[in-house]
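# Working through the structure, step by step
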Amino acid sequence: RGSARRPAPSLMALPGLTARADWGGSAGVAAAGWTKLADAVREVEAAAPELLEEYDAAKAARAAAGRAASDYEGDELHGGRWDWLAFVNRGVAEPGFRDEAPVAAALLERVPRLMTRAPFGHAFYSALGA
């Protein structure tokens, strides 16, 4: 079924940063002149294996404890399954995320003004169709 059409991919904006589906990783971001952003992307790229293991372990631990594997409360944005583990949900940091996902939390906590105290602020692991 796929996702429902949305008028904009995000409410986040970095003035001057063109919206595209694929920037080509840190190299593409650096080539566009966004050096600090490229450094941050490089850190996430380097942590990718740990982040994947962490996400899988958090979902498994939730299932073993009889908890929902996802913090997502469904709506009409898509058909199918969407799993997410939220760190910032509607502008509020979820304290339990640090225990479930310390690698992701450490990366996200380095982001200045991490969408907290913003009604549309979110930062989470997300897997559509997981």
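Quick summary incoming for the structure in this document. Quantities reported herein were computed from a predicted structural model and do not represent experimental measurements.

So, about the environment of P119. As for its placement among the helices and strands, P119 is situated in the loop between α4 (102–109) and β3 (122–128). Residue P119 is classed as exposed on the basis of its relative accessible area, which comes to 60%. P119 sits 30 residues away from N89 along the chain, and the two C-alpha atoms are 8.6 Å apart.

This structure, assessed with the given rule, holds four salt bridges. A salt bridge links E100 to R62; its shortest N-O distance comes to 2.6 Å. You can see E100 sitting in helix α3 (residues 97–100) and its partner R62 sitting in helix α2 (residues 35–64), a full 38 residues away along the chain. Accessibility expressed as a relative area gives 4% for R62, which makes it buried. Between R98 and E109 there is a salt bridge, and its shortest N-O distance comes to 2.4 Å.

An ideal rise of 1.5 Å per residue puts 44 Å on 30 residues; α2 measures up with 42 Å between its terminal C-alpha atoms. Along α2, the sharpest change in direction is near 60° and occurs at A48; proline P49 comes one to four residues later. Of the residues trailing α2, G66 is marked for its positive phi of about 75°.

Below, the discussion takes up the environment of V29. Tracing the chain through its elements places V29 in helix α1 (residues 25–31). As for V29 and V41, which are separated by twelve residues in sequence, their C-alpha atoms are 8.2 Å apart. If we ignore the near neighbours within four places in the chain, the residues touching V29 are W23, W34, L37 and A38.

A full pass over the atoms with the stated rule returns one aromatic pair. With a centroid separation of 5.0 Å and an interplanar angle of 35°, the aromatic rings of F87 and F97 are classed as tilted. Taken together, the residues F87 in strand β1 (residues 82–89) and F97 in helix α3 connect sequence positions ten residues apart. A single burial state applies to F87 and to F97, both of which are buried.

Analysis parameters
Residues numbered from 1 in each chain as written. Predicted model: local features only at pLDDT ≥ 70, side-chain atom pairs only at ≥ 80, totals over all residues. Heavy atoms only, no water. Helix = DSSP H or I, 4+ residues; strand = E, 2+ residues; numbered from the N terminus. Buried < 20%, exposed > 50% of the residue type's maximum accessible area, 1.4 Å probe, protein only. Salt bridge = Lys/Arg side-chain N within 4 Å of Asp/Glu carboxyl O. Expected span 1.5 Å × (residues − 1). Bend = angle between axes of the 7 residues up to and from the residue. Contact = heavy atoms within 4.5 Å. Phe/Tyr/Trp six-rings, centres within 6.5 Å; stacked < 30°, edge-to-face > 60°.

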